[in-house]
Amino acid sequence: MSLLLTTILQPSLINSFNSKDWELLIRQARSAQLLSYLANLLTIDNVFEIPFKAKQHLEAALIFSKKQKSNVTAECDRISKILSDIGIKSIFLKGAAYSLIQLPLSDYRLLSDIDIMINKSELAKAENILFNHGWFSESLTDYDNMYYRKWSHEIPPLKHIKRQTVLDLHHNILPITTINSHIEESALHNNIVAINKSQYTYVLPSHLMLLHSAAHLFYESEFNKGLRDLIDIKELFLSFSSGDDEYCNKLIIYAKELGLERTLFYAMRYIEQILKCELPSNLKIELLPFSPPKAILFLMDFSFKNIFIPFHSSCYTKRFEISKTILYWRGHLLRMPLRLLVPHLTRKFFMQLKS
Amino acid sequence: MISKEVFNKRIKTDGVNIELGPFSFNIKTTIPNAIEEAYINYKDHEFLDANKFIDFHISLERPKGIRRWIKPNVEFYFDGHSPFKPLPLPQAYPMLEWGMNWCIANYGHYFLIIHAAVVAKGNKAILLPAPQGSGKSTLCAALVNSGWRLFSDELAIISLKDASVFPCVRPVSLKNESINIIKSRFPDARLMPSVHDTTKGTVSLMMPGLESVKQGNCPAKISAIVFPKYQLEVNGKFEVKDKSQTFIELIQNSFNYHVISNQSFNIAGDIVESAYCYEYIYSDLTKAILDFDSLVDLD
Amino acid sequence: MMENITIAGNLFIRCFSDGVVVFNGATGDTHKLDVLTGKILYYLESSMSIDNIKSTLEIEMPEQSIVDIDEYIGKSLNMLHEYSLVVVDERRVE
């Protein structure tokens, strides 16, 4: 287990750290995009004594994430106002959504972009009006452009010309070509929750929010933010289930409705086993039928237990490299059938060679 | 002072640990010209033991594959992450310096960091905020060769606790014409070979004097904020600048004022309140040196 | 006509002899104000009413006419409003 994860699970360990331990902890946390999360964990209530140099880095991370959060909230407001002018509802996803509903996690979580879901029929209109307000498509090759629009569930990311914020517009949460899942667009759009009194800023309801994060993570092929995303799921689960006795039931029901049973199974399994999150026993019972066959479970356990690490030189092992390869292919195959995947990856390989 | 053999061995393996004012860097590379220049610039600095906390782990690496041989490039890494596009191999050492600036400006939010040169006499520091092309590096180089301490030619590192400024003694970056100006005016100045065709034109790094390096850990109070303006054929003079305007221009030159918010507002206010604020319009370096000398003597 | 003036929350103000700088914690913007506007903001922040501010300025600036002072206050409030440092809510009183 990495020093970072060990410390997150048992913060009091820092009392025995020397300078080099602190240094490694901070480096791993930074690589995993978890430095402000760690900083909050270790400095809250001033329980621990932290050496001067390490403290500086933790404080810098907190300053940065606090500032970013207020930027994000302001940006979300601007974007949803622009889209509401032409009657489009903005459904914020992932990090931006966590900020909008004031999840405690959001104070210490860094975002690289803002994710919104809108109706597929509204994508063109949205792209147009955002363009008028300074949001431009980052220059991509024609191929990437086509890939995004045709096969993925996004148009290419938009960047604000002045503020440099990146905006991802989605019309579904997984690529069109995803094999197993049959997530219906309407199932998502019909269930949205309005934020405050505004009629133009929405998020998914709490059970869908977790399922979305889980889908996002367990259909991934690149896991450099994997540990961070897994922690998100744990925090979402703890926050939502504590205030809602029906929460676990809702998770099960909607997982079935959206074809995300396997995804939910993995999400709960790994927040329990890797992040030591306590799960209610009846939830675990209900999840059992969602388990894959034993052989696959064995392979997945191996892969996921070795992938949720800081992507830092101090953590790379042979097992990690193997897991990375397995999950890379798994993610791609899940999102795109082989007949399309091979030419896609071959094309990308040659393009990388050229540059 | 570290020996060349030890330095060369370390920088290629575990890296060399250098203390630069309030920041420490572990630097690794196997690129020969970068090692050579790093040694010349940092041999007199404080080297830290292997068991000390290091703030930033950086390295310069040559990309694998075809760009290793055809139009060879160099990449800068901050702890395994490459934030910039690769540059041509001859620019390896300047890239290291720019990379170090980047680390400080992006992760040093426990200081208010202003794009400015800082020089000092005794424990009185003068801040020279100015955008690129304003002549501040030339002026800074001239002062530093005339008895002034170099804190930095690029980054004013200001404590959020008490507004004191910290040195971060590194080479002064001279560009284009100022290279010849300094070379001819100060023949004893130690300049590295010029590197051409960078995004900033021709660049030559001037090594800081030994005194500046020795006092590399001593902060100072900011006694004056001076905005230099180079103009042809003027008689150099200080013009008093409104404090409120100084404040605005100071924060406009800051890398992280907006990140730190109200804390940085208060500290910037403290600095402007207690410092003399001027514009200095000049064309002659000799006069400039005299004028700056009298500025600190006045106090 | 009555004016209801609400000052933005979370402001940080610093006065220099030649001007005032203010940081708006909510928007993250920093502004420079002339001495008079800065003074008015400062008084507003200490919950002084516009009428009180008027009277205070009339005493502080005896060389200015009341009409001029009214004009200055109007201009300053405009600037503060533009910078989102205050919100001026005009209501007509019968």
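These numbers come from a predicted model, not from an experiment. (Residues numbered from 1 in each chain as written. Chains lettered and ligands numbered in written order. Predicted model: local features only at pLDDT ≥ 70, side-chain atom pairs only at ≥ 80, totals over all residues. Heavy atoms only, no water.)

## Section: the domain arrangement of chain B
All names here are of chain B.
Then, number 1: The assigned domain composition of chain B is domain 1 (1-107) and domain 2 (111-299).
Then, number 2: The gap between the C-alpha centroids of domain 1 and domain 2 is 25 Å.
Then, number 3: At the junction of the two partners, domain 1 supplies 22 residues and domain 2 supplies 26 residues.
Then, number 4: Interface area for domain 1 against domain 2, summed over the two sides, is near 2,100 Å², with a carbon-plus-sulfur share of 66%.
Then, number 5: Counting across the domain 1 and domain 2 interface gives 1 salt bridge.
Then, number 6: Connecting domain 1 to domain 2 are 4 residue pairs in polar contact (both at pLDDT 80 or more).
Then, number 7: Elements that contribute at least two residues to the side of domain 1 that touches domain 2 include exactly strand S1 (16-20), helix H2 (32-42) and helix H3 (92-107).
Then, number 8: In terms of residues, the side of domain 1 that touches domain 2 owes the most to one element, H3, which gives 8 residues. (Domains from an automatic or database assignment. Contact = heavy atoms within 4.5 Å. Buried area = accessible area lost by both parts, 1.4 Å probe. Salt bridge = Lys/Arg side-chain N within 4 Å of Asp/Glu carboxyl O. Polar contact = N/O pair within 3.5 Å; in protein donor to acceptor, adjacent residues only side chain to side chain. Helix = DSSP H or I, 4+ residues; strand = E, 2+ residues; numbered from the N terminus.)

## Let's talk about the environment of Phe-265 of chain A
Residue and element names in this part refer to chain A.
Then, number 1: Looking at the secondary structure, you find Phe-265 in helix H12 (residues 261-273).
Then, number 2: For Phe-265 and Leu-210, which are 55 residues apart along the polypeptide, the C-alpha to C-alpha distance reads 12 Å.
Then, number 3: Those residues in contact with Phe-265, other than ones at most four positions away along the chain, are Leu-287, Phe-290, Ser-291, Pro-292 and Leu-297.

## Comments concerning helix H1 (residues 35-45) of chain C
One full turn of an α-helix is made of 3.6 residues, so residues set three or four places apart face in the same direction.
Then, number 1: Of the residues making up H1 of chain C, those classed as buried are Leu-36, Thr-37, Gly-38, Ile-40, Leu-41, Tyr-43 and Leu-44 of chain C.
Then, number 2: Trailing H1 of chain C by a residue or two, Ser-47 of chain C shows a phi angle of about 65°, which is positive. (Buried < 20%, exposed > 50% of the residue type's maximum accessible area, 1.4 Å probe, protein only.)

## Quick look at the interface of chain B and chain A
Then, number 1: Between chain B and chain A, the residue contacts involve 22 residues of the former and 16 residues of the latter.
Then, number 2: With both chains or domains summed, chain B and chain A bury close to 1,700 Å², and 56% of this area falls on carbon and sulfur atoms.
Then, number 3: Connecting chain B to chain A are 2 salt bridges.
Then, number 4: Across the pair Asp-55 of chain B and Lys-53 of chain A runs a salt bridge whose closest N-O atoms are separated by 2.7 Å.
Then, number 5: Across the contact surface, chain B and chain A share 11 residue pairs in polar contact (both at pLDDT 80 or more).

## A closer look at the interface of chain C and chain B
Then, number 1: Taken together, the 15 residues of chain C in the interface contact 17 residues of chain B.
Then, number 2: Summed over the shared surface of chain C and chain B, the number is 1 salt bridge.
Then, number 3: Note that Arg-14 of chain C and Asp-270 of chain B form a salt bridge whose closest N and O atoms lie 2.5 Å from each other.
Then, number 4: Counting every contact that joins chain C to chain B gives 6 residue pairs in polar contact (both at pLDDT 80 or more).
Then, number 5: For the side of chain C that touches chain B, the elements supplying multiple residues, two or more each, are strand S2 (11-16), strand S3 (19-24) and strand S4 (30-33) of chain C.
Then, number 6: A per-class count over the side of chain C that touches chain B returns 8 nonpolar, 4 polar and 3 charged. (Nonpolar A, V, L, I, M, F, W, Y, C, P; charged D, E, K, R; others polar.)

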